[in-house]
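Single-letter residue listing:
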Amino acid sequence: AIEAILFAMGESVELSRIAAAVGQDKDTTRRLLHHMMDRYQEEDRGIQIIELEQSYQMCTKKEYYDCLLYTSPHTHTIYLEKRFTDSFPGKFEK
């Protein structure tokens, strides 16, 4: 259930809200979250769970950020523009 909550929310979720949703106390929920975080690291997945001041969020690992930029329709143009201007340093500065 924790994985579903974090995936569906798409933003950080407070520990207390996760605990209430899964019917556990905060300490148990924190241990479950940290166990999940360890598993995501060990299994070398493209996603991770991060902790942000008593909140948790599911997100893509940094090393896959360029892949996301390249595949997202909105950022594809920005990605290509950045690659193009990076290829010609100083030529397109304002």
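The text that follows walks through the structure, step by step, so that each part is easy to find. (Residues numbered from 1 in each chain as written. Predicted model: local features only at pLDDT ≥ 70, side-chain atom pairs only at ≥ 80, totals over all residues. Heavy atoms only, no water.)

Below, the discussion takes up the nonpolar core. Grouped together as the largest cluster of nonpolar side chains are twelve residues: Ile 2, Leu 6, Val 13, Leu 15, Ile 18, Leu 33, Met 36, Met 37, Tyr 40, Ile 49, Tyr 56 and Met 58. Listing elements by their share of this core, those giving two or more residues are α1 (2-9), α2 (15-22), α3 (26-42) and β3 (55-60). Those residues in contact with Tyr 40 that sit more than four places away from it in its chain are Glu 3, Arg 45, Ile 47, Ile 49, Met 58 and Lys 61. (Core = buried A, V, L, I, M, F, W, Y, C linked by side-chain atoms within 4.5 Å. Buried < 20%, exposed > 50% of the residue type's maximum accessible area, 1.4 Å probe, protein only. Helix = DSSP H or I, 4+ residues; strand = E, 2+ residues; numbered from the N terminus. Contact = heavy atoms within 4.5 Å.)

Glancing now at the pairing of β3. Most of β3 is tucked away, with five of its six residues classed as buried. Judged from the two bridges that link them, strand β1 (residues 13-14) and β3 form a sheet pairing that is antiparallel. Bridge pairing links Glu 14 to Ser 55 in β3. Relative to β3, strand β2 (residues 47-51) runs antiparallel, the two sharing five bridges. Its bridge partner lying in β3, Ile 47 is registered against Thr 60. Connecting the antiparallel pair β2 and β3 is a turn made up of three residues, with Glu 53 showing a positive phi of about 45 degrees. (Pairing = 2+ DSSP bridges.)

Scanning the model with the defined rule gives four salt bridges in all. Note that Arg 30 is salt-bridged to Asp 27, the shortest N-O span being 3.1 Å. Here the residue Arg 30 and the residue Asp 27 both occupy positions in helix α3, the gap between them amounting to three residues, near one helical turn. A single network of salt bridges, built from pairs that share partners, joins Glu 3, Arg 39, Glu 43 and Arg 45. (Salt bridge = Lys/Arg side-chain N within 4 Å of Asp/Glu carboxyl O.)

This part is about the packing of α2 against α3. Each pair of packed helices can be described by the angle between their axes along with the distance between the axes. α3 packs onto α2 with a crossing angle of 100 degrees between their chain directions and a minimal axis gap of 9 Å. By the criterion of interaxial angle, the relationship of α2 to α3 is roughly perpendicular. On α3, the residues that touch Leu 15, Ser 16, Ile 18, Ala 19 and Val 22 of α2 are Lys 26, Thr 29, Arg 30 and Leu 33. Of the residues assigned to the contact of α2 with α3, the class counts are five nonpolar, two polar and two charged. (Axes fitted to C-alpha atoms, helices over the stretch in contact; angles between N-to-C directions. Parallel < 35°, antiparallel > 145°, perpendicular 65-115°, else oblique. Nonpolar A, V, L, I, M, F, W, Y, C, P; charged D, E, K, R; others polar.)

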